[in-house]
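Structural overview
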Amino acid sequence: MIKLQINGQVREVDVVEDTPLLWVLRDVLGLTGTKFGCGIAQCGACTVHVDGKAVRSCLLAVGAIGNRAVTTIEAVGQTPAGARVQKAWLDLEVVQCGYCQSGQIMSAAALLAATPHPDDSDIDAAMAGNICRCGTYVRIRAAIKKAAGERQA
Amino acid sequence: MTIHTVSGPSRALSRRTILRAGAAAGGGLLLGFYAPFADAAAANTSGAAPSDGGPFAPDAFIRVDRAGKVTLIMPQVEMGQGVYTSLSMILAEELDAAFATVAVEAAPPSDALYGNPMFGIQATGNSNSVRAFWKKLRQAGAGARAILIEAAALQWKVDPASCTASDSEVIHPPTGRKLGYGALADAAAKLTPPANPPLKNPKDFKLIGKPLRRLDTQDKVNGKALYGIDMLPPGVKFAAIAACPVFGGKVAHVNDSAATAMPGVRQIVVLSDLVAVVGDHFWAAKQGLEALDITWNDGPNAHVNSAQIRKDIKAASEHEGAVAKSRGDVEKALKGGDPIEAHYEVPFLSHAPMEPMNCTVHVRPDGCDVWVGTQVCARAQAIAARVTGLPLEKVTVHNQLIGGGFGRRLDVDGIEKSVRVAQKVDGPVKVVWTREEDIRHDFYRPIYYDRITATLKDGRIDGWKHRVTGSSIMARWFPLGFQHGVDIDGVDSAIDEPYDIPNMRVEFLRHEPPAVPTGFWRGVGPNNNVFAIESFIDELARKAGKDPLDFRLAMLGKTPRLKTALELAAKKAHWGDPLPPRVGRGIAAQISFASFIATIAEVEVDREGEVRLRRITCAVDTGIAVNPDTIVAQLQGGLVFGVTAALYGEITIDKGRVQQSNFNNYRMLRIDQTPPIDVHLIKSGEAPGGIGETGTTAGPPAVRNAIYAATGIALRRLPIDREVLAGRKQP
């Protein structure tokens with residue numbers, strides 16, 4: 001059994017150590033808000049926080065996590081940055097199909113937690129790993145700025 | 001607002017429908033379009049009590065329960081384009097329902113009751129949800145409002161004309177009396193809606209035209225929204241599948257000794273053309289699949305390759321096509337002038353929606369449940385029934401939110417494969433495509449070859465001959481759309497090009513690529529046609545010595561709505577203002593999906609041939625804008641989708657196999673490459689146009705023409721060739 005700290009709870013899972021966190025979240029624990037997109041850390045749909053940092057869960061073996069705290073989209077709204085990002089996402093109608101947005105929000109929340117007033121290059125650096133096929137990038141950029149309390153560009 | 005997904009049995013096909021009210025199971029009002037010849041047995045199982053003994057559609061479009069809760073049944077699927085909101089607005093507008101409290105349900109499979117009026121089948125595509133249902137949903141809303149008012153008037157013994165409705169209440173202004181829709185539902189259910197209920201004057205619209213919050217987005221920011229891939233019915237197992245990497249290949253032999261020993265692997269399913277591994281979770285299944293030693297029989301397509309396909313379509317395009325449109329005397333015009341000819345080519349493309357293909361199925365001896373996000377709900381049911389041999393009504397389709405459709409989910413191949421796997425599995429199984437399997441086994445946007453010849457006279461186009469050569473998707477998907485050699489989608493935006501050209505002919509020449517399955521891809525027919533036409537217009541402008549804007553404006557006399565859009569886009573994009581070296585602006589002007597859109601891209605091309613997008617500006621007249629902010633969002637996103645294809649998109653085939661596999665080699669535009677995108681809506685009282693795909697078709701020609709302006713290099717093939725732009729290769 002592997003012990004994980006997920007969204008403030010200790011969860012025990014019976015999987016082999018090299019199982020990626022993504023599939024443990026989705027298929028074993030039923031936390032389906034974290035999405036599968038590519039499996040090779042190219043699209044960011046599976047982004048979660050590990051000790052507050054954005055990590056691609058599709059390549060993170062559960063055996064390597066140890067005592068570090070995992071936060072998923074289901075609980076990110078309980079962090080100040082996560083709640084601000086979710087609100088800005090709704091206020092600016094960022095979302096279209098929505099499938100990638102869990103990952104986008106996790107990346108944006110980690111960015112704001114570390115860099116409360118990001119400029120365009122900070123946003124590019126933090127968000128370029130998250131693909132959105134619906135092409136919501138213009139609004140993602142605006143929403144991050146809104147969540148940061150800046151005037152919209 | 002709440003959103004439910006519902007499922008239900010099928011109903012027989014009938015094209016003729018009548019607006020009709022009836023009682024809901026448990027009391028309340030149902031209103032919808034009754035199909036006179038619908039299967040009585042289906043209605044009898046529905047729990048609906050028909051008011052005159054005839055069969056009645058149990059789900060209809062509107063349900064009002066005794067507590068006053070208004071539920072709107074959505075015939076079209078939500079895949080990010082915002083139709084749950086815009087179609088609800090149309091219904092609620094005429095119904096005068098309190099919008100904040102209405103609930104939305106996905107319609108069950110039924111071509112008869114929920115068929116798209118523009119297709120005759122239940123399908124979400126071709127940017128036509130609002131266009132197709134505009135009238136029908138207004139009538140449904142107005143019909144329900146009329147009988148609710150009539151019910152109140154009867155109770156109050158007043159003239160219905162002296163009553164009005166607002167916020168789900170009927171009001172009698174002379175006396176100030178009010179009754180909620182819930183209190184009137186049972187009485188209204190016994191009344192007959194007017195055959196042609198009067199519709200509101202657009203100036204009285206309260207909802208339509210307001211930028212309303214999307215109904216489906218709240219749960220999409222907190223992880224609660226459920227897509228097909230999120231289904232976890234009790235006892236579900238997980239499957240990874242592999243089809244033969246060569247199109248059409250079969251399984252020859254499978255050695256599963258290593259896989260069966262792996263932790264979490266439960267079952268190996270070997271079918272004639274695919275192999276699946278079933279496990280306790282998807283990772284176990286995928287690891288098991290990778291551990292299998294599969295020998296494939298590649299079959300007859302192992303020699304298919306892109307170079308040959310390109311050679312063949314070019315050769316085919318030299319033959320005559322079927323005439324789709326003809327006016328004036330094109331041969332005379334071409335002989336009388338100095339013809340200019342150009343050829344344009346677009347490649348195969350994969351859809352790559354962020355939600356990979358998936359389908360969860362539970363096959364039992366007496367029934368089958370299918371959980372999936374599909375653009376064609378009734379076809380999903382039909383394919384599951386065909387595979388299992390069960391009657392239609394024993395197949396329940398639980399349609400889910402779609403994590404990107406883009407046309408991929410207009411085909412049901414994934415459902416067919418999943419049901420076949422599920423037949424071998426005891427209990428429910430969720431079949432998920434890896435990204436690699438998703439990209440390598442798609443129904444690809446076909447390669448098209450457009451050949452255009454034109455003559456100029458007095459600085460304007462005099463003769464125009466456009467031949468579209470390529471796959472007919474309609475012939476496979478909707479045969480009515482392929483008649484006398486013309487694919488109506490294949491010539492879309494070519495036969496209705498906007499310019500005043502006295503002599504013109506448009507031809508379609510069907511040419512199917514070997515082995516490669518082709519399907520609809522966001523933007524459909526207008527993609528290649530607008531790219532070819534607008535690229536060629538820029539080349540002709542240069543021949544004529546005219547500015548590309550002036551050249552177009554002078555020929556838009558018959559299309560004032562587009563002229564206005566182009567003038568606005570030019571103004572907003574600062575057309576004509578000086579630019580630095582290697583920077584250019586490019587125009588695309590078009591009528592697509594009944595929308596009039598002008599787009600101007602501004603790009604910079606560096607010495608290595610890399611293209612940087614600086615800004616995209618577009619102006620659109622799409623008629624009445626039901627939910628204006630959604631229209632802006634769809635254009636912003638659609639432009640990104642199209643520009644992605646122009647800069648990167650290409651699927652190539654070698655030895656019968658797709659060479660791309662994932663986002664590392666099938667690239668997508670990312671946020672750091674996305675420029676500001678400004679969208680300007682033109683106020684209009686015309687009927688709504690389509691918008692979901694319009695931006696996609698506008699991006700590539702605008703970017704291509706901007707590159708032309710920046711470098712003088714006339715690219716004629718997508719995606720852009722950086723070697724050509726760097727001067728290392730001839731165009």
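Just so you know, these numbers come straight off a predicted model, no measurement behind them.

Here is what the cut-offs are and how they apply
- Residues numbered from 1 in each chain as written.
- Chains lettered and ligands numbered in written order.
- Predicted model: local features only at pLDDT ≥ 70, side-chain atom pairs only at ≥ 80, totals over all residues.
- Heavy atoms only, no water.
- Axes fitted to C-alpha atoms, helices over the stretch in contact; angles between N-to-C directions.
- Helix = DSSP H or I, 4+ residues; strand = E, 2+ residues; numbered from the N terminus.
- Parallel < 35°, antiparallel > 145°, perpendicular 65-115°, else oblique.
- Left-handed = near helix turned anticlockwise from the far one by under 90°.
- Contact = heavy atoms within 4.5 Å.
- Core = buried A, V, L, I, M, F, W, Y, C linked by side-chain atoms within 4.5 Å.
- Buried < 20%, exposed > 50% of the residue type's maximum accessible area, 1.4 Å probe, protein only.
- Phe/Tyr/Trp six-rings, centres within 6.5 Å; stacked < 30°, edge-to-face > 60°.
- Lys NZ or Arg CZ within 6 Å of the ring centre and 35° of its normal.
- Pairing = 2+ DSSP bridges.
- pLDDT = per-residue confidence, 0-100.
- Nonpolar A, V, L, I, M, F, W, Y, C, P; charged D, E, K, R; others polar.
- Buried area = accessible area lost by both parts, 1.4 Å probe.
- Salt bridge = Lys/Arg side-chain N within 4 Å of Asp/Glu carboxyl O.
- Polar contact = N/O pair within 3.5 Å; in protein donor to acceptor, adjacent residues only side chain to side chain.
- Domains from an automatic or database assignment.

Here's the deal with the packing of helix α3 (residues 101-114) of chain A against helix α5 (residues 137-147) of chain A
Residues and elements named next belong to chain A.
- Interaxial distance between α3 and α5 falls to 11 Å at its minimum, and their mutual angle equals 40°. Between α3 and α5, the interaxial angle falls into the category oblique. Considering how the two elements wind past one another, α3 and α5 form a crossing that is right-handed. Across the interface between the two elements, Gln-101, Gln-104, Ala-108, Leu-111 and Leu-112 of α3 pack against Ile-140, Ile-144 and Ala-147 of α5.

Things to note about the nonpolar core
- With 123 residues, the main nonpolar core has A:Trp89, A:Ile144, B:Val275, B:Leu292, B:Leu647, B:Ile653 and B:Ile707 as its most contacted residues.
- It is helix α17 (residues 628-647) of chain B that contributes the most residues to this core, nine residues altogether.
- Once you skip the residues sitting within four places of it in the chain, B:Leu647 turns out to touch B:Val611, B:Leu613, B:Leu669, B:Val703, B:Pro719, B:Ile720 and B:Arg722.

Describing the packing of aromatic side chains
- On inspection of all chains with the given rule, the structure shows 17 aromatic pairs over all chains.
- Ring centres 4.7 Å apart and planes at 45° place the aromatic pair A:Trp23 and B:Phe282 in the tilted group. You can see A:Trp23 sitting in helix α1 (residues 21-28) and its partner B:Phe282 sitting in helix α7 (residues 282-291), one on each of two chains. Comparing A:Trp23 with B:Phe282 shows no difference in burial state: the two are buried.
- Note on B:Trp477 and B:Phe478: the rings are 6.2 Å apart at their centroids and 50° apart in plane angle, and the pair reads as tilted. Assigned by exposure class, B:Trp477 and B:Phe478 land together as buried.
- In textbook terms, an aromatic cluster arises when at least three aromatic residues are bridged by ring pairs, as seen for B:Phe119, B:Trp477, B:Phe478 and B:Phe520.
- The residue whose ring lies beneath A:Arg133 is B:Phe406, and the NZ or CZ to ring-centre distance is 5.9 Å.

As for the sheet that holds strand β9 (residues 177-180) of chain B
Residue and element names in this part refer to chain B.
- With antiparallel pairing, the three strands of this open sheet are ordered in space as β7-β8-β9. On the outer flanks of this sheet lie β7 (164-166) and β9, each paired with one strand and no other. Ignoring strand direction, the axes of neighbouring strands in this sheet form an average angle of 25°.
- Of the strands in this sheet, β7, β8 (169-172) and β9 touch helix α4 (residues 129-156), which is tilted by about 50° from β8.

Let's talk about the confidence of the model for chain B
- Per-residue confidence for chain B gives a mean pLDDT of 92; residues scoring 70 or more make up 94%.
- Taken together, the stretch residues 37-59 of chain B has pLDDT below 50 and engages in 44 contacts with residues farther than four places along the chain or on a different chain.

Details of the packing of helix α14 (residues 526-544) of chain B against helix α18 (residues 694-711) of chain B
Residue and element names in this part refer to chain B.
- Where α14 contacts α18, the two axes come as close as 8 Å, and the packing angle between them is 25°. Relative to α18, the element α14 lies roughly parallel. Of the two elements, α14 crosses α18, and the hand of that crossing is right-handed. Every residue of α18 that contacts α14 at Pro-526, Asn-527, Val-530, Phe-531, Glu-534, Ser-535, Asp-538, Glu-539 and Arg-542 is listed here: Thr-696, Thr-697, Pro-700, Pro-701, Arg-704, Asn-705, Tyr-708 and Ala-709.
- Residues of the contact of α14 with α18, tallied by class, amount to seven nonpolar, five polar and five charged.

Concerning the interface of chain A and chain B
- Across the contact, 50 residues belong to chain A and 62 residues belong to chain B.
- The contact between chain A and chain B buries some 4500 Å² in all, and 59% of this surface belongs to carbon and sulfur atoms.
- B:Asp230 is the partner of A:Arg26 in a salt bridge, and the nearest nitrogen-oxygen pair spans 2.9 Å.
- At the boundary of chain A with chain B, the tally comes to 26 residue pairs in polar contact (both at pLDDT 80 or more).
- Of all the elements in the fold, those that place two or more residues in the side of chain A that touches chain B are α1, α2 (80-91), α3, α4 (120-127) and α5 of chain A.

Regarding the pattern of salt bridges
Residue and element names in this part refer to chain B.
- Tallied over the entire structure, the rule returns 59 salt bridges over all chains.
- The partner of Arg-327 in a salt bridge is Glu-497, and the shortest N-O contact between them spans 3.5 Å. Of this pair, Arg-327 sits in strand β15 (residues 322-327) while Glu-497 sits in the loop between β24 (486-487) and β25 (503-510), and the two are 170 residues apart along the sequence.
- Its salt-bridge partner being Glu-650, residue Arg-717 comes within 2.7 Å of it at the nearest N-O pair. Here the residue Arg-717 occupies a position in the loop between α18 and α19 (722-725), and Glu-650 occupies one in the loop between α17 and β29 (653-654), the gap between them amounting to 67 residues.

A closer look at the sheet that holds β25(B)
Residue and element names in this part refer to chain B.
- Read across the open sheet, the five strands follow the order β15-β25-β22-β21-β16; overall the sheet is mixed. Where the open sheet ends on each side, the last strands, each with one partner, are β15 and β16 (340-346). Shown here is a sheet whose adjacent strand axes are inclined to one another by a mean of 15°, direction ignored.
- Sitting on the sheet, helix α8 (residues 306-316) is in contact with β16, β21 (448-457), β22 (460-470) and β25, with an inclination near 40° to β21.

Examining the domain arrangement of chain B
Residues and elements named next belong to chain B.
- In terms of domain boundaries, chain B breaks down into domain 1 (3-219), domain 2 (228-299 + 377-383 + 403-432) and domain 3 (307-348 + 445-725).
- In this complex, domain 1 contributes 24 residues to the contact, which on the side of domain 3 involves 21 residues.
- Interface of domain 1 and domain 3: buried area, both sides summed, is about 1600 Å²; carbon and sulfur atoms make up 65% of it.
- Where domain 1 touches domain 3, the interface holds six residue pairs in polar contact (both at pLDDT 80 or more).
- Taken together, the elements giving at least two residues each to the side of domain 1 that touches domain 3 come down to α2 (83-95) and α4.
- Take the side of domain 1 that touches domain 3: its biggest share by element is four residues, from α2.
- Looking at the side of domain 1 that touches domain 3, its residues break down into twelve nonpolar, nine polar and three charged.

Thoughts on the domain arrangement of chain A
Residues and elements named next belong to chain A.
- By domain assignment, chain A separates into domain 1 (2-71) and domain 2 (76-147).
- Computed over C-alpha atoms, the centres of domain 1 and domain 2 are 20 Å apart.
- Contacts between the two partners involve 14 residues from domain 1 and, on the opposite side, eleven residues from domain 2.
- Buried surface at the junction of domain 1 and domain 2, both sides included, amounts to about 1000 Å², of which 55% is carbon and sulfur.

Structural notes on unusual backbone geometry
Residues and elements named next belong to chain B.
- Put simply, Leu-718 and Pro-719 share a cis peptide bond, and its omega is -5°.
- Residue placement: Pro-719 occurs in the loop between α18 and α19.
- Even without a glycine there, the phi angle at Arg-582 is positive, about 60°.
- Within the fold, Arg-582 resides in the loop between α16 (560-572) and β26 (583-592).

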